[in-house]
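Topology and contacts: notes
One-letter residues, chain by chain:
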Amino acid sequence: MKQLSIAVLPGDGIGPEVMESALQILEAVGQRIDRQFVTQHHPAGAQNYVDTGEALPESTLAACRAADAILFGAMGLPHVRGADGTEVIPQLDIRFALDLYAGVRPVRTWPGLPVPLSDPRATAIDLVLVRENTEGLFYARGRGVVEADAVFDTQKISRAGTTRIVDFALKLAEDRARLGKPGKVTNVDKANVFASMAFWRQIFEERARLHPGVKTENAYVDAMALNLVLKPWQYDVLVTENMFGDILSDLIASLVGGMGMAPSGDIGDHHGLFQPAHGTAPDIAGQGIANPTAMILSAAMMLDWLAIRQQDAALAVGARVIETAVQSAFVSQAVRPREFGGNSGTADITRAVLERL
Ligand code: ATP
Ligand code: MG
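Residues numbered from 1 in each chain as written. Chains lettered and ligands numbered in written order. Predicted model: local features only at pLDDT ≥ 70, side-chain atom pairs only at ≥ 80, totals over all residues.

Focus on the nonpolar core
With 103 residues, the main nonpolar core has Ala 22, Ile 70, Leu 71, Val 130, Ala 169, Ile 296 and Ala 299 as its most contacted residues. Take this core: its biggest share by element is eleven residues, from helix 9 (residues 293–309). Residue contributions to this core reach at least three from each of two domains, namely domain 1 (1–101 + 265–357) and domain 2 (116–255). Excluding anything up to four places from it in sequence, Ala 22 contacts Leu 71, Pro 292, Met 295, Ile 296 and Ala 299. (Core = buried A, V, L, I, M, F, W, Y, C linked by C-beta atoms within 7 Å. Buried ≥ 20, exposed ≤ 12 C-beta atoms within 10 Å, placed from the backbone. Helix = DSSP H or I, 4+ residues; strand = E, 2+ residues; numbered from the N terminus. Domains from an automatic or database assignment. Contact = placed C-beta atoms within 7 Å.)

Examining the packing of helix 1 (residues 15–33) against helix 11 (residues 346–356)
Axis separation between helix 1 and helix 11 bottoms out at 10 Å; the angle between their running directions is 10°. The orientation of helix 1 with respect to helix 11, classified from their angle, is roughly parallel. Residues Glu 17, Val 18, Ser 21, Gln 24, Ile 25 and Ala 28 of helix 1 lie in contact with helix 11, whose contacting residues are Thr 346, Thr 350, Val 353 and Leu 354. Partitioned by chemical class, the residues of the contact of helix 1 with helix 11 number five nonpolar, four polar and one charged. (Axes fitted to C-alpha atoms, helices over the stretch in contact; angles between N-to-C directions. Parallel < 35°, antiparallel > 145°, perpendicular 65-115°, else oblique. Nonpolar A, V, L, I, M, F, W, Y, C, P; charged D, E, K, R; others polar.)

So, unusual backbone geometry
Positive phi values are uncommon outside glycine, yet Ala 281 reaches one of about 40°. With respect to the helices, strands and loops of the structure, Ala 281 is situated in the loop between strand 12 (272–276) and helix 9. Even without being a glycine, Gln 333 presents a positive backbone phi close to 65°. Following the sequence through the fold, Gln 333 ends up in the loop between helix 10 (313–331) and helix 11. Gln 333 gets classed as exposed once you count the C-beta atoms within 10 Å, which come to 10.

A word on the sheet that holds strand 12
In space, the ten strands of this open sheet follow the order 2-1-3-12-11-4-5-10-8-9, with mixed pairing throughout. In this open sheet, the two strands that pair with only one neighbour each are strand 2 (35–41) and strand 9 (215–220). Adjacent strand axes in the sheet meet at a mean angle of 25° when their direction is disregarded. (Pairing = 2+ DSSP bridges.)

Dropping the structure here:
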């Protein structure tokens, strides 16, 4: 049987709780498509930093490099701070170390679950935010210039970094058009105020001209915050720099019911890491009430990514099997996550999906 090696980094807070759920689903899917996922757990995270002084051990990073794909829970705890006073967030270190430059965050509404917006068109939200993961203001992380009465963080927008992320988004729109989706890319920036973002927009427009089949448009991030609530059904692929992507990905998760419904992939040219878009949710950790759907759907994204890299269509079938089982669990009303006013816990939702696999 074909084997795929998966590095598993459960992390902190609800990370290990939702990871357990996704691994059960993955094993069951493997049996259905005749593939074996060889999963190996590796330490990393804020608690690991407290226990050992290391947030991201070199051995964990090496295991991530060697694996076919990486499954990641969530990391960071509010009270655990590094020497510079900021939170210990090794997920950012992994993104930089493995050059996972594309943060891919799809959201869609699911039949059977309530939709926060009351407009009937809001039942058909299906969009993907592509976040630049390695530059922007996050580039300043750990490089801030501290003076007596002022602190400076520098924003970096490079030609190479922008070209690869806008190309990724344009290609994604082409792929989605083949699936019958609009195939439109909305570039989100603040080009009217910042030289760095005017440069970003110029590169977006240059690259867009190389993809004449893709509809493109520009938007300012403030207007985008408005329009994503007023008419989110009008969007298909959004591409934006690091910090705007950080903020807007939480906003789009809210459109479909909450962080527990938002999967993500951090993708580079050589490695792919898949994790829920949410954090460690310390407020609900340890209670068995986290919604595992985002983590389960992240495992499905991993299968889609692996299917292309390994030229193995069975893996894409596995992804569809997972999505169909999730959809059926909600349509049947067998479970409803607490984010939607239901009372299904992590184990209830996992069981409902497993039963339908
Ligand atoms: P990060 O800095 O890592 O992005 P965060 O501070 O933005 O983390 P999250 O951990 O994502 O915060 O949590 C935001 C809110 O969403 C919290 O109220 C949390 O309880 C809720 N939440 C996050 N994930 C889930 C989940 N899987 N199920 C239910 N609620 C969740
Ligand atoms: Mg967040």
